[in-house]
Amino acid sequence: MPDPDNTGFAQVRTAIFPVAGMGTRFLPATKATPKELLPVLDRPLIQFAIDEARAAGVERMIFVSHPDKGAIERYVRADEDLCATLRERGKHKLAAELDDHAIDPSQEDVRFVMQPEPLGLGHAVLCAAEDALPGPVAVILPDDLILGGRGALAEMIEAYSFMNRAHLVATMEVADEDVSKYGILSVTGRNGPVLMADGMVEKPAPEDAPSRQAVVGRYVLDASIFDDLRGLPPGAGGEIQLTDAIAKGLERVTLGGFRFSGQRYDCGSKPGMLQATLAYAAGQEEYRDVLNAFQPTLLAAE
Ligand code: UTP
């Protein structure tokens, strides 16, 4: 909904983190550990997502979780006993790092809501409706890790503030043979990193794809998304799909794509997680020797 000052669209004050899924692609690792807590080296996926939302300056974070995934809330909230023990043992730097990562309830507004059954991403977002602050909302999928750049969500929210699009979805260009794995945007124009679009096609065959701009896990959505999600029937895979609600809203509101500057990794899949881990390690001096020593092994195996 446009803001009263007519300076663009209203401020994005809420970030929703859907974390209630079953993570079946990552079994057996996800049998007892939520997918969102799987680490890229030492950092759980959820931490990258929280840091991205912090960099974007949102006021409230809403985690849509599942009753069996209590470990996520335990991770997100501060553990004062653990920090005290670390300090007693002289591990002050580690304790300070844990403090920085954890949510500080005196400074940050965080809510946990439950999605009792994983009925789909759209349903998970709808579970956050009552707790969302007025105005558009950001949705961030922690298993879509975006490294590099200054934070995909920060970039998107900045673009959203001046682009005349009600829904903005993160997009990246994919190869022809990969279009059938994604939602693909029907692009009608372009202004820098923002693409104007008039629709989205879910997992098209390459010959039917309207473009090669694939939708990935960051969204800034007009608050009308909640109305469009209410009463939406299950779509692909029998799940209530966020993309169906976005498509439904296009009768009334506009859609754009945003080409973020970082590199995205599908950490919900094993190859994606491996790529992310290697890329993350390659960016840190302390892992150079390990990676260099391993490379000849890989070449020899070819
Ligand atoms: P995915 O479809 O990648 O997650 O959803 P999944 O269903 O857990 O994974 P697989 O396909 O079985 O391996 C992307 C994000 O949306 C959340 C997931 O937790 C993940 O963070 N999600 C998905 C929900 O919160 N609720 C749902 O009903 C579905």
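Calculation criteria
Each chain carries its own residue numbering, running from 1 in the direction its sequence is written. Only residues with pLDDT of 70 or above have their local features reported here, since the model is predicted, and side-chain atom pairs are shown and tallied only from 80 upward, although totals for entire chains, interfaces and linings are computed over all residues. Processing note: side-chain calculations cover all non-hydrogen atoms of the structure and skip hydrogens and water entirely. Helix numbering and strand numbering both begin at the N terminus, where a helix is a DSSP run of H or I of at least 4 residues and a strand a DSSP run of E of at least 2. Throughout, radius of gyration means the C-alpha value; the globule benchmark is 2.2 Å times the number of residues raised to the power 0.38. For every residue, the accessible area (1.4 Å probe, protein chains only) is compared with the maximum for its type, and the residue is labelled buried under 20%, exposed over 50%, or partly exposed between those bounds. The contact criterion used throughout is that any non-hydrogen atoms of two residues lie within 4.5 Å. For the accessible areas, the method is Shrake-Rupley and the probe is 1.4 Å, while residue cover comes only from the protein chains on display. Charge counting follows a simple rule: Lys and Arg are positive, Asp and Glu are negative, and His as well as the terminal groups are ignored. Positions of charges follow a simple convention, taking NZ of Lys, CZ of Arg, CG of Asp or CD of Glu. One less than the residue count of a helix, multiplied by 1.5 Å, gives the span that helix is expected to have. Pairs of N or O atoms are called polar contacts if they sit within 3.5 Å, as long as, within protein, a hydrogen donor faces a hydrogen acceptor (for residues adjacent in sequence, only side-chain-to-side-chain pairs). Residues are counted as near a molecule or strand when any one of their heavy atoms sits within 4 Å of it. Residues are grouped as follows: Ala, Val, Leu, Ile, Met, Phe, Trp, Tyr, Cys and Pro are nonpolar; Asp, Glu, Lys and Arg are charged; every other residue, Gly included, is polar. Within this scheme, the nonpolar core is defined by two criteria: the residues are buried Ala, Val, Leu, Ile, Met, Phe, Trp, Tyr or Cys, and they are joined through side-chain atoms within 4.5 Å. Confidence of the predictor in every single residue is expressed as pLDDT, which spans 0 to 100. Angular values range over 0 to 180 degrees, each being the angle between N-to-C directions of two axes fitted as lines to C-alpha atoms, with helices fitted over their stretch in contact. Here is the rule for handedness: rotate from the far helix to the near one, and if that takes an anticlockwise turn smaller than a right angle the crossing is left-handed, while a clockwise turn gives right-handed. The pairing test for Phe, Tyr and Trp rings, Trp by its six-membered ring, is centres within 6.5 Å, and the orientation test on the planes gives stacked under 30 degrees, edge-to-face over 60, and tilted for anything in between.

**Observations concerning the overall build of the protein**
The number of helices and strands found in the protein is ten helices and 13 strands. Here the protein has a C-alpha radius of gyration of 20 Å; the compact-globule value for 302 residues is 19 Å, and the two agree. Principal-axis analysis of the C-alpha atoms places the extent of the protein at approximately 60 × 55 × 35 Å. Considering the protein as a whole, with its 302 residues, one finds that 49% of them fall into the buried category. If you take every contact in the protein between residues at least 6 apart in sequence, the share linking residues at least 24 apart comes to 75%. Total accessible area on the protein stands at roughly 15000 Å², and carbon and sulfur atoms take up 52% of it. Put simply, the protein has 29 plus and 45 minus side-chain charges, and the middle of one group is 2 Å from the middle of the other.

**Digging into helix H9 (residues 270-282)**
The terminal C-alpha atoms of H9, which comprises 13 residues, lie 18 Å apart, in line with the 18 Å expected from a rise of 1.5 Å per residue. Measuring from the backbone nitrogen of Gly272 back to the side-chain oxygen at the start of H9 gives 3.2 Å, which picks out Ser269 as the cap.

**Re the site of the ligand**
Close to the ligand lie 18 residues, the nearest being Thr24, Arg25, Glu36, Gln115 and Gly120. Contact distances for the ligand include 2.8 Å between an oxygen atom and a backbone N or O atom of Gly21. Taking Gly120, its main chain carries an N or O atom lying 2.7 Å from an oxygen atom of the ligand. Bound to the protein, the ligand loses 86% of the 570 Å² it would expose on its own. Partitioning the shell around the ligand into residue classes produces nine nonpolar, five polar and four charged.

**Examining the nonpolar core**
Phe17, Met61 and Phe63 are the most contacted members of the largest nonpolar core, which totals 43 residues. Apart from residues lying up to four places away in sequence, Phe63 is in contact with Phe17, Ile46, Ile50, Val76, Val110, Arg111, Phe112 and Val113. Counting 29 residues, the second-largest nonpolar core is a separate cluster that includes Val64, Ala124, Ala128 and Val137.

**Some points on the confidence of the model for the protein**
Looking at the protein as a whole, the pLDDT averages 91, with 96% of positions reaching at least 70. Every residue in residues 1-8 is under pLDDT 50, and counting partners more than four places away or in other chains gives ten contacts.

**A look at the packing of helix H1 (residues 45-56) against helix H6 (residues 152-162)**
Running from N to C, H1 and H6 cross one another at 30°; their axes reach a closest spacing of 7 Å. For the pair H1 and H6, the crossing hand works out as right-handed. Contact residues: H1 offers Glu52, Ala53, Ala55 and Ala56, while H6 offers Ala152, Leu153, Ala154 and Ile157. Among the residues making up the contact of H1 with H6, the classes are represented as seven nonpolar, no polar and one charged.

**A closer look at the packing of aromatic side chains**
One pair of aromatic rings is described through two measures. These are the centre distance and the angle between the planes. What the rule picks out here adds up to three aromatic pairs. Between Phe48 and Tyr280, the ring centres sit 5.4 Å apart and the planes meet at 80°, which makes this aromatic pair edge-to-face. A residue pair is termed long-range when its members are at least 10 positions apart, and Phe48 in helix H1 and Tyr280 in helix H9 qualify at 232 residues. This pair shows no difference in class: Phe48 is buried, exactly as Tyr280 is. With a centroid separation of 4.9 Å and 15° between ring planes, the pair formed by Phe63 and Phe112 is classed as stacked. Of this pair, Phe63 sits in strand S4 (residues 60-65) while Phe112 sits in strand S5 (residues 109-114), and the two are 49 residues apart along the sequence. Here the two residues Phe63 and Phe112 agree in accessibility, since each one is buried.

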